[in-house]
Amino acid sequence: MKLAVFATLLAVPAAWGPSKFVPVDTILVDSDGLPSGASSLLESHVSRYNARTAKGGMCVKSSSKVGCSAGKTTAKVSFEMKNSASKGGFEVRSSDLDHVVSAGDESGALQGFLAWIRQVRWSAKETQVPTDWTASHSSDKELWGLRGHQYSSAPHAQMFRTMDEMKDYTLDQAVFGTNQIEMAHISTSSSSYDHLVEFSSAMKDTGMNASLWISADKAAAFDLDKLFKDMKQLDSIFMPGGDGGTLDIKAATAARKSCRKYHPGCTMWISLQELSADDMDSIIKDLQTSTWKDNIDGIVFGPHVRVPLTQFVKMIPEGFPIRQYPDICHIAGAQFALNFLSHVWAFTHQRQAVAPSPEFMDSIVRQRANGSTPTIGVGAYSEGVGDDWNKAVWSGVAFQPYRSVKNIVADYARYYFGADLEETAAGLILGLEQNWIGDPAENKEITKTFALAQKLEKDGKDVLEKSWRLQALVKRAYNDVYQQRRYVCGLESVAGAMSALQRTWSADHRLDEAEKSLEHDCVDKTMSSYKSRVLDLASAINKTLGAEVLQTQDKMLNIQLIDEPVSDVPFLLDQVKSIKKLKSDDDKDKAIAKLTGWTDPGKDGFYAALASVPQSPNLVLPVSLESDPARYINPTISGDRYHSSHWISSQRSVFELYDSSVVVRFEGLKSSAKYKLRVGWGGGSGEVQLSANKKSILQKYMSATSSTKEYSVPQSETKGGTLELECQQKPGVGGSGRSCYISEMWLTVESEESVIV
């Protein structure tokens with residue numbers, strides 16, 4: 001199954017970049033035409049280019065600077081400032097070896113140069129620059145003006161091991177349209193003060209807006225007046241109201257006042273996260289009072305807001321701009337959890353992983369374009385740089401929505417890995433997304449993607465040795481094929497064991513044969529080599545970047561989960577060994593029947609594993625997955641930890657958010673039958689209610705629990721042949737909003753004997 005890109009009102013051409021290139025050995029960038037403040041930033045980007053590429057060869061020259069010399073074939077880049085040009089806009093004209101960037105201001109000039117530098121085709125052999133190419137950009141084409149990402153002050157105060165590494169990464173972000181960095185999860189240690197001052201200086205040096213995510217209690221631990229005075233630049237403060245913080249208007253007012261004393265344009269932003277309906281209504285009323293109007297500059301929409309963005313923007317009073325705060329770094333149990341992610345990937349990666357999702361992220365960005373959801377932009381939540389590819393998509397698509405996501409992915413591959421590897425690396429990024437869609441056992445994309453990774457190893461050995469980005473992508477491809485083979489082998493072992501247990505042999509014979517099947521070693525020599533390569537690449541990442549920088553919440557880079565069970569083999573093996581210890585054949589026969597009949601609902605009955613992949617036909621999705629990426633309407637899958645005491649189908653649940661519901665439909669029921677419903681509840685919080693066909697209440701509101709319960713279904717609800725079951729939590733709740741965790745359902749005919757007990 002391929003991921004469909006959600007249709008938008010925006011026309012996205014297949015390509016945007018140049019089609020003709022000429023080889024050069026030197027690139028001279030003339031900074032004389034630039035505003036004086038932009039020259040040092042231009043030099044930073046040129047230095048970054050030379051350090052990142054194989055051949056370098058780019059130099060900034062001006063009338064006051066000597067040292068640049070032309071080569072045999074030299075490309076020349078110059079700037080011209082036009083008052084008539086739009087603010088932030090630019091035009092790039094490339095003809096033969098001459099390249100001109102026209103712009104109306106410093107921002108447009110630099111963005112035009114970065115747009116040009118993305119098209120440069122560098123490799124170990126030669127450098128090629130575009131020719132016969134003209135491209136333009138106007139800021140009114142952007143989806144939004146603010147395109148930001150977060151850095152975490154853990155495990156290192158600046159997230160990176162060194163300040164230079166942070167600056168380099170920040171310059172790279174600017175190349176793809178990012179213009180704000182927000183430091184989050186700030187420590188209250190004595191050294192944190194100095195690091196925040198350094199962060200501010202680094203943002204000024206790299207041309208970024210600087211923002212702080214700081215909770216009210218953390219703010220109280222600082223001498224904010226001294227801190228803000230010493231920071232060279234601070235453009236905004238985000239004080240979360242929930243999910244790491246508590247709304248505190250006094251703290252926000254004091255912080256804003258202090259910030260504006262030294263940074264007059266500093267703005268204060270708050271979020272309305274984890275609030276109940278009543279509390280949200282109360283805060284929205286407060287926003288209309290002078291105390292809040294005069295001290296809060298904008299509202300942040302992020303995870304754990306109880307209504308979708310389309311509704312949220314209508315609720316906020318006029319005069320308050322809205323900033324998005326999307327979670328783009330987690331694959332499960334998150335705002336944008338991957339759609340129907342198989343347990344294979346959930347168990348072996350849990351929440352944080354290298355998971356390029358260009359098409360999924362592109363779909364979300366375009367849905368949140370400034371039409372039905374007007375916002376000033378994005379400051380995306382992040383934990384490390386393992387979502388680097390997603391950052392590029394969020395910034396790149398918002399900055400240039402007239403470009404296709406594949407166009408942006410190609411830019412990414414060319415910019416970081418070079419022209420020789422561009423096509424293969426872009427295919428790898430797109431392929432890794434397809435790897436995690438659908439049933440891993442049936443997914444043929446995994447082997448295709450793996451072939452691309454192996455080609456990159458062969459063709460890009462020198463780049464792979466130095467690039468943590470390429471190391472992370474290739475590592476994922478190896479791990480994917482390793483897990484797929486483990487899973488397929490596990491399925492075969494389970495199938496062999498279940499077949500043996502259902503034979504007519506004696507109980508002991510059946511159990512012995514099942515045990516043999518389950519004890520088969522799935523890891524052969526080839527698979528061992530794949531695992532070793534994963535471990536080697538993890539070690540390489542730790543050297544080139546730092547494992548703790550790539551994934552700040554999983555510093556082992558998922559290695560501790562590489563052999564986590566992905567099939568029912570451990571559970572079945574434990575069960576078989578336990579049954580063998582029973583004394584009588586009769587007890588063994590009964591236990592075997594119970595084990596093998598777990599999913600059997602009996603004659604005219606129904607069974608549904610609601611969190612199965614592919615999606616259970618009984619689980620109702622009110623709207624398409626593409627139109628509801630944050631799952632405010634559709635249910636979400638939960639369960640990323642394996643437990644050997646249960647079937648996997650019992651460990652994975654679906655759940656709903658806030659005032660939505662989980663709906664399960666059974667069709668083809670016998671009109672004359674009296675049915676009994678058995679529900680595997682998966683825990684959670686709050687109180688939940690279960691109803692049939694929106695009429696009969698099978699269970700009144702009760703505290704959510706991890707248990708299995710049975711309910712008698714009124715025949716009046718089944719005689720029509722269809723039964724629709726709906727689980728809802730009490731309306732108006734706050735917190736994470738997650739409830740109605742359900743793993744499995746059995747609908748059995750009451751008069752018929754069943755092995756399900």
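S.K.: Looking at this model, I keep getting lost on the packing of helix α12 (residues 358-367) against helix α13 (residues 388-399). Mind explaining?
M.R.: Packed helices, taken two at a time, are described by the angle their axes make and the gap between the axes. For the pair α12 and α13, the least separation of the axes is 9 Å and the interaxial angle reads 35°. Relative to α13, α12 is oriented so that their crossing is right-handed. Of α13, the residues touching α12 (which contributes P358, M361, D362, I364, V365 and R366) are N390, V393, W394, V397 and A398.

S.K.: Just checking my understanding: could you explain empty space enclosed by the protein for this structure?
M.R.: The gaps of empty space that remain are located by a probe, the size of a water molecule, rolled over the atoms. Under the criterion given, the structure shown has 11 cavities of 30 Å³ or more. Taken as a whole, the largest cavity holds about 160 Å³ of empty space. What lines the largest cavity is a set of 14 residues, and nearest its centre among them are H304, A334, Q335, A630 and L657. Counted as a void, the second largest cavity has a volume near 70 Å³. Among the residues making up the lining of the second largest cavity, the classes are represented as 8 nonpolar, 4 polar and 1 charged.

S.K.: How should I be thinking about the packing of aromatic side chains in this particular structure?
M.R.: When we look at a pair of aromatic rings, we describe it by the centre distance and by the angle of the planes. Counted according to the given criterion, the structure contains 27 aromatic pairs. Summarising the aromatic geometry, the rings of F176 and Y412 are spaced 5.9 Å apart at their centres and angled 50° between planes, so their arrangement reads as tilted. Of the two residues, F176 sits in the loop between α3 (163-175) and β11 (180-184) while Y412 sits in helix α14 (residues 405-417), which places them 236 residues apart along the sequence. Centre to centre, the rings of F176 and Y415 are 5.7 Å apart; their planes meet at 90°, and the pair counts as edge-to-face. With F176 in the loop between α3 and β11 and Y415 in helix α14, this pair connects stretches of sequence that are 239 residues apart. Under the relative-accessibility criterion, F176 is labelled buried at 4%. On the accessibility criterion, Y415 (4% relative accessible area) is buried. Here the aromatic cluster, defined as three or more aromatic residues joined through ring pairs, consists of F176, W389, Y412, Y415, Y416 and F417. For the cation-ring pair, R476 lies above W436, with the distance from its terminal atom to the ring centre recorded as 3.9 Å.

S.K.: Just to check I follow, could you spell out the state of the cysteines for this structure?
M.R.: Note on terminology: disulfide describes a covalent bond linking the sulfur atoms of two cysteines. Tallying each qualifying case throughout the model produces 3 disulfides. Covalently, C489 is tied to C522 through a disulfide, its sulfur atoms 2.1 Å apart. Across the S-S bond linking C489 and C522, the dihedral sits near -85°, which makes this disulfide left-handed. Taken as a pair, C489 in helix α18 (residues 468-501) and C522 in the loop between α19 (507-518) and α20 (525-544) lie far apart in primary sequence, 33 residues in all. Residue C489 shares its accessibility class with C522, and that shared class is buried.

S.K.: I would appreciate a short explanation of the layout of surface pockets in the present structure.
M.R.: In this model, the largest pocket occupies a volume close to 910 Å³. Every residue lining the largest pocket is counted, 46 residues in all, and those nearest its centre are S650, Q651, R652, S653 and S743. The set of elements that each furnish at least two residues to the lining of the largest pocket consists of α22 (569-580), α23 (585-596), β19 (636-638), α24 (648-651), β20 (653-657), β22 (675-682), β25 (706-712) and β27 (738-749). Each residue belonging to the lining of the largest pocket can be placed in one class, and the counts come to 19 nonpolar, 19 polar and 8 charged. The volume enclosed by the second largest pocket comes to roughly 790 Å³. If you trace the second largest pocket, you find 30 residues lining it, with R52, Y416, V463, K466 and S467 closest to the centre. Listing elements by their share of the lining of the second largest pocket, those giving two or more residues are α1 (39-52), α3, α14, α15 (419-435), α17 (461-466) and α18.

S.K.: How should the packing of α12 against α15 be read in this particular structure?
M.R.: Close contact between α12 and α15 brings their axes to 8 Å; oriented N to C, the two are set at 85°. The angle between α12 and α15 falls in the class roughly perpendicular. Touching P358, E359 and F360 of α12 are I429, L430, E433 and Q434, all from α15. Of the residues in the contact of α12 with α15, the class split is 4 nonpolar, 1 polar and 2 charged.

S.K.: Explanation requested: α14 in the structure shown.
M.R.: In an α-helix, one turn spans 3.6 residues; hence positions three or four apart end up facing the same way. In a regular helix each residue adds 1.5 Å, so 13 residues correspond to 18 Å; α14 covers 18 Å between its end C-alpha atoms and thus fits that length. Extensive coverage of α14 is indicated by the burial of 12 of its 13 residues.

S.K.: Any chance you could explain the sheet that holds strand β23 (residues 687-692) here in plain terms?
M.R.: Within a sheet, neighbouring strands are paired by backbone hydrogen bonds and run either parallel or antiparallel to one another. Ordered by their spatial adjacency, 4 strands build an open sheet running β21-β26-β23-β24, and the pairing between neighbours is antiparallel. Here the strands that pair on one side only, and so sit at the sheet edges, are β21 (662-667) and β24 (696-703). Along the sheet, successive strands turn relative to each other by an average axial angle of 10°, direction set aside. With 6 bridges joining them, β21 and strand β26 (residues 722-729) adopt antiparallel strand pairing. Looking at β26, one finds that V662 is bridged to C727.

S.K.: Can you walk me through the side chain of S739 in this structure?
M.R.: When you line up the elements, S739 lands in strand β27. Residues contacting S739, with those up to four places away along its chain left out, are F655, E656, S685, V688 and Q729.

S.K.: Sorry if this is basic, but what is going on with the pairing of strand β15 (residues 298-301) here?
M.R.: Residues G298 and V300 of β15 are buried on one face, and the alternating residues I299 and F301, pointing to the opposite face, are buried as well. With 3 bridges joining them, strand β14 (residues 267-271) and β15 adopt parallel strand pairing. Each residue of the ladder has a partner; that of S271, found in β15, is V300. Judged from the 3 bridges that link them, β15 and strand β16 (residues 322-324) form a sheet pairing that is parallel. Within β16, the residue paired with I299 across the bridge is I322. Between the parallel pair β15 and β16, the chain is carried across by helix α10 (residues 309-315), and the sense of this crossover is right-handed.

S.K.: What am I meant to see in the confidence of the model for the protein here?
M.R.: Where the model shows low pLDDT, its predicted coordinates should not be examined in detail. Overall, the predicted model of the protein reaches an average pLDDT of 94, with 96% of residues at or above 70. Note on residues 1-14: pLDDT under 50 across the span, and 31 contacts to partners over four residues away in sequence or across chains. A low-confidence stretch, residues 752-757 (pLDDT under 50), is modelled with 13 contacts involving residues beyond four sequence positions or located in other chains.

Criteria and cut-off values
Residues numbered from 1 in each chain as written. Predicted model: local features only at pLDDT ≥ 70, side-chain atom pairs only at ≥ 80, totals over all residues. Heavy atoms only, no water. Axes fitted to C-alpha atoms, helices over the stretch in contact; angles between N-to-C directions. Helix = DSSP H or I, 4+ residues; strand = E, 2+ residues; numbered from the N terminus. Left-handed = near helix turned anticlockwise from the far one by under 90°. Contact = heavy atoms within 4.5 Å. 1 Å grid on protein atoms, 1.4 Å probe; cavity = no way out; pocket = protein on both sides within 12 Å on 5 of 7 lines; lining within 4 Å. Points joined across faces, edges and corners; volume = space filled by probe spheres on them. Nonpolar A, V, L, I, M, F, W, Y, C, P; charged D, E, K, R; others polar. Phe/Tyr/Trp six-rings, centres within 6.5 Å; stacked < 30°, edge-to-face > 60°. Buried < 20%, exposed > 50% of the residue type's maximum accessible area, 1.4 Å probe, protein only. Lys NZ or Arg CZ within 6 Å of the ring centre and 35° of its normal. Disulfide = S-S within 2.5 Å. Parallel < 35°, antiparallel > 145°, perpendicular 65-115°, else oblique. Expected span 1.5 Å × (residues − 1). Pairing = 2+ DSSP bridges. Right-handed = clockwise from strand over helix to strand, strands pointing away. pLDDT = per-residue confidence, 0-100.

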